[in-house]
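Next come the chains, spelled out residue by residue.
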Amino acid sequence: MILSCGEALIDMLPRQSTAGEPAFAPHAGGAVFNTAIALGRLGAPAGFLSGISTDMFGQVLVATLGASGVDANLAIRSDKPTTLAFVKLVDGHASYAFYDENTAGRMLTPDDMPLIPDTVRALFFGGISLPVEPCGSAYEALMLREAKHRVTMIDPNIRPGFIRDTAAYRARLNRMIAQADIVKVSDEDLRWIAGPGDIAALAGQLLSCGPRLVFVTEGAKGAHVFTRDLALFEPSRKVEVVDTVGAGDTFNAGVLAALSRADALNKTALAGADRALLQDCLRLGVQAAAITVSRAGANPPWAKELL
């Protein structure tokens with residue numbers, strides 16, 4: 001199983017009422033939640049670990065996971081409220097207003113983190129669950145505990161407006177990246193982390209910290225993967241973009257699903273990953289993300305849509 005560990009929330013997506021008034025429609029979301037959903041739909045064995053409310057929105061989250069074949073048995077339920085994210089779209093690009101104080105997801109602590117069963121081969125972390133407390137400390141503790149024994153992947157998916165203590169967040173990312181087997185960043189994230197410069201050179205800096213694979217997405221251009229010996233690129237698919245919500249999250253799932261299909265979710269296989277395997281990871285990630293951006297909201301494709 002691939003266990004996605006991080007936020008689950010309700011995206012309030014902009015719509016128009018029948019009377020022509022601005023309105024918001026609730027949709028299950030969150031970066032890490034979206035990756036779990038995409039993994040389930042791509043046919044990978046998927047699980048999800050987060051704090052999920054028992055309120056009406058939490059029930060929607062659990063039902064949505066189940067409908068996509070994602071195991072939510074490790075989720076930590078409470079009567080605290082669900083995080084809400086109101087979305088504004090401008091030319092297809094999303095900005096967010098978050099309501100996250102004292103929520104079921106936000107208030108997780110390191111002591112809440114469960115024992116991870118042997119069926120879990122890889123853990124995925126990222127999103128807005130990392131810069132905030134106490135859940136940021138909880139997910140970091142879980143990753144550092146498990147990284148010696150299982151494959152770990154991180155996508156910071158940086159939202160600068162959500163970061164209250166930049167120095168502490170950078171320190172956390174540095175610790176987690178050093179333990180991760182796989183790091184995925186957008187080109188913007190990469191420069192936020194490593195500063196200005198050429199993508200290949202900056203990815204090399206991340207590789208020198210410890211990861212085996214670094215994936216870098218460049219939006220409409222496509223995606224790169226870097227190892228200590230290889231650098232590959234996959235161009236994006238040409239589609240009519242409706243919005244970009246969930247694109248990077250779906251790409252992450254494509255990478256992990258390709259590794260799962262190749263039985264390569266172990267440290268030895270990742271250390272020896274060859275050109276063909278890495279190209280498969282890029283191809284599935286880019287192809288799946290292209291379908292997601294062609295429709296409204298974070299709505300990742302099912303495996304049958306990629307045939």
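Note that the structure is a prediction, hence the values are computed from the model and not measured.

### Some thoughts on the environment of Gly-210
Within the fold, Gly-210 resides in the loop between helix H6 (199–208) and strand E13 (213–217). Owing to a relative accessible area of 32%, Gly-210 belongs among the partly exposed residues under this scheme. Measuring from C-alpha to C-alpha, the distance between Gly-210 and Met-176 comes to 9.9 Å, with 34 residues separating the pair along the chain. The contacts of Gly-210, once residues within four sequence positions are left out, are Ala-178, Ala-180 and Arg-228.

### Quick word on the pattern of salt bridges
Tallied over the full model, the rule gives 14 salt bridges. Close ionic contact of Asp-263 with Arg-121 constitutes a salt bridge, the shortest N to O distance being 2.9 Å. Placement of Asp-263 in the loop between helix H7 (247–261) and helix H8 (267–271) and of Arg-121 in the loop between strand E9 (93–99) and strand E10 (122–126) is noted, with a sequence separation of 142 residues between them. Between Glu-146 and Arg-150 there is a salt bridge, with its nearest N and O atoms 2.7 Å apart. Taken individually, Glu-146 and Arg-150 each receive the classification buried, so the pair is uniform in this respect. When salt bridges with common partners are traced through the structure, they connect Glu-133, Glu-140, Arg-172 and Arg-175 into a single cluster.

### Focus: the environment of Arg-106
With respect to the secondary-structure elements, Arg-106 resides in the loop between E9 and E10. Under the relative-accessibility criterion, Arg-106 is labelled buried at 15%. For the pair formed by Arg-106 and Leu-130, sequence separation is 24 residues and the distance between their alpha carbons is 9.7 Å. When neighbours within four sequence positions are excluded, Arg-106 is seen to be in contact with Asp-100, Glu-101, Val-132, Glu-133, Pro-134 and Cys-135.

### Quick notes on helix H2 (residues 56–67)
The end-to-end C-alpha distance of H2, which contains 12 residues, comes to 17 Å, matching closely the 16 Å that a straight helix rising 1.5 Å per residue would cover. Those residues of H2 lying buried are Gly-58, Leu-61 and Leu-65. Down the axis of H2, the buried set is contained in an arc of 55°. They therefore lie on one face. Away from the buried face of H2 by more than 90 degrees, exposed residues Met-56, Gln-59 and Ala-67 are located. Put simply, Asp-55 is the residue that caps the front of H2, since its side-chain oxygen is 3.1 Å from the backbone nitrogen of Phe-57. Within two residues after H2, Gly-69 carries a phi angle of roughly 80°, on the positive side.

### Things to note about the sheet that holds strand E6 (residues 70–71)
A sheet is described by the order of its strands in space; here nine strands give the open sequence E6-E4-E1-E10-E11-E12-E13-E14-E15, paired in mixed fashion. Whereas interior strands pair on both sides, the edge strands pair on one side only; in this sheet they are E6 and strand E15 (231–235). As paired elements, strand E1 (residues 2–5) and E10 share four bridges and run parallel to each other. Note on E10: the bridge partner recorded for Cys-5 is Phe-125. The strands touched by helix H5 (residues 187–194) are strand E11 (151–155), strand E12 (182–186) and E13; relative to E12, the strand with the most contacts, the crossing angle is about 105°. Along the sheet, H7 contacts E1, E10, E11, E12, E13 and strand E14 (222–226); its crossing angle with E12, the most-contacted strand, is approximately 155°.

Analysis parameters
- Position labels on residues start from 1 in each chain and follow its written sequence.
- In keeping with the model being predicted, local features are shown solely for residues with a pLDDT of at least 70 and side-chain atom pairs are shown and tallied solely at 80 or more, while totals for entire chains, interfaces and linings include all residues.
- Each side-chain value is derived from all of the structure's non-hydrogen atoms; neither hydrogens nor water enter the calculation.
- Only DSSP runs of H or I covering at least 4 residues are called helices, and only runs of E covering at least 2 are called strands; the numbering of each starts at the N terminus.
- Relative accessibility decides the category of a residue: with a 1.4 Å probe and only protein chains considered, values under 20% of the type maximum give buried, values over 50% give exposed, and everything between is partly exposed.
- Here a residue-residue contact requires only that any non-hydrogen atoms of the pair lie within 4.5 Å.
- Salt bridge, as used here: a side-chain nitrogen of Lys or Arg that lies within 4 Å of a carboxyl oxygen of Asp or Glu.
- What a helix should span is 1.5 Å times the count of its residues minus one.
- The directions from the helix axis to the C-beta atoms are what the arc is built from.
- The term polar contact refers here to a pair of N or O atoms within 3.5 Å; inside protein, the definition further demands a hydrogen-donor-capable atom paired with an acceptor-capable atom, and it admits residues adjacent in sequence only when both atoms are side-chain atoms.
- Note: two strands are recorded as paired if DSSP finds a minimum of 2 bridges between them.
- Lines fitted to the C-alpha atoms define the axes, with helices restricted to the stretch that makes contact. Angles between their N-to-C directions range from 0 to 180 degrees.

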